[in-house]
Amino acid sequence: MTNPGWGGGPGEGIPPQPRCVRHPDRPTGLSCTRCGRPACPECLRPASVGQHCVDCVAEDNRRTAQVRTVAGAPVRSGLPTPVVTYVLMAINVVVFLVTALQAQSVMDNGRGFVNPFTGAAVFDSALFGRWVLSPLDVANGDWMRILGSGFLHFGLLHLAVNMFALYILGRDTELVFGRSRYLCVYLISLLGGSASVMAFENGGFTAGASGAIFGIMGAQAVILLKLRRSPAPVVGVIAINVIISVTVPGISIFGHLGGLVAGAAAAAALLYAPQWLGAGQDREKAIRIGWIGLAVVALVTVGLIGLRAAQLRSEFGL
């Protein structure tokens, strides 16, 4: 029977020789500088002072609090991959390819016409026709347009500009919020853009991820404020884009502004609501309040859409 860790067996006639506590068949002259137990080279890890056994390293990791971002998301080691941003970009590209194939045009995939007798719009792409945002159609029950329109784009240039902006802005925002919170902020921003279009643009058709991207810009400004850094660079970019939205024909300024307000509100719910409601240093309470705040912003946004749809049904007798 071998001795589990501290030397040779009794009656061997030789001085006990230390053996690795995890591998009793391996004699060793090394030991853990923390617990003092003998350990073989395979079971030791370099430490700031000496070397620690794998058991002490594991115990240390369990006791050490995980580093988190200002939004409470865990900080991942190495260079984390912004998975949600890439997935959102992929969905936008796939939807664009479907509409381009259906319309047989890359630059004019949203081509269509309005029937002068019925007033109904007919698009070359069936998917584009089902998802493009039209307030009156939403009021008539086509609720999918509220979300679906945020994944449509009028032509390749429209798609390229929005996906480049999402790539630049989305990656850092996702790392701060974490994947689930970031996805919620993105979708709430998209809903905010749709709600604003519903409220202020009764005619025409609206599509694009711009409202959600403006929401991400608003969220970044709130993040910088929370970190006590100047939001001037982000505010400057927002101002430039607002000017472009106002001066260039065919751009939905209300869709952009609605997304901006909704994204900033969602970020404030995550970053400031826990502080305002007295979460203090209680991380679990802060996370819970943040999620509740996100839900409140989402419900208010959806409620505004529903209220406007009811008003449109009453006005137009739908």
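Residues numbered from 1 in each chain as written. Predicted model: local features only at pLDDT ≥ 70, side-chain atom pairs only at ≥ 80, totals over all residues. Heavy atoms only, no water.

## Observations regarding the pattern of salt bridges
Within the structure shown, the criterion is met by nine salt bridges. Across the pair Arg308 and Glu315 runs a salt bridge whose closest N-O atoms are separated by 3.7 Å. What you see here is one network of salt bridges that share partners, running through Arg22, Arg37 and Asp55. (Salt bridge = Lys/Arg side-chain N within 4 Å of Asp/Glu carboxyl O.)

## With respect to the packing of aromatic side chains
Per the counting criterion, the structure on display carries six aromatic pairs. An angle of 25° between the planes, with centres 4.9 Å apart, marks the rings of Phe200 and Phe254 as stacked. Of this pair, Phe200 sits in helix 7 (residues 179-200) while Phe254 sits in helix 10 (residues 253-271), and the two are 54 residues apart along the sequence. By relative accessible area, Phe254 is classed as partly exposed at 32%. Here Tyr272 and Trp276 contribute two aromatic rings whose centre-to-centre distance is 5.6 Å and whose plane-to-plane angle is 25°, an arrangement assigned as stacked. One cation-aromatic arrangement involves Arg171 over Tyr167; the distance from NZ or CZ to the ring centre is 3.9 Å. Across from the ring centre of Tyr272, 5.1 Å away, lies the NZ or CZ of Lys226, which sits over that ring. (Phe/Tyr/Trp six-rings, centres within 6.5 Å; stacked < 30°, edge-to-face > 60°. Helix = DSSP H or I, 4+ residues; strand = E, 2+ residues; numbered from the N terminus. Buried < 20%, exposed > 50% of the residue type's maximum accessible area, 1.4 Å probe, protein only. Lys NZ or Arg CZ within 6 Å of the ring centre and 35° of its normal.)

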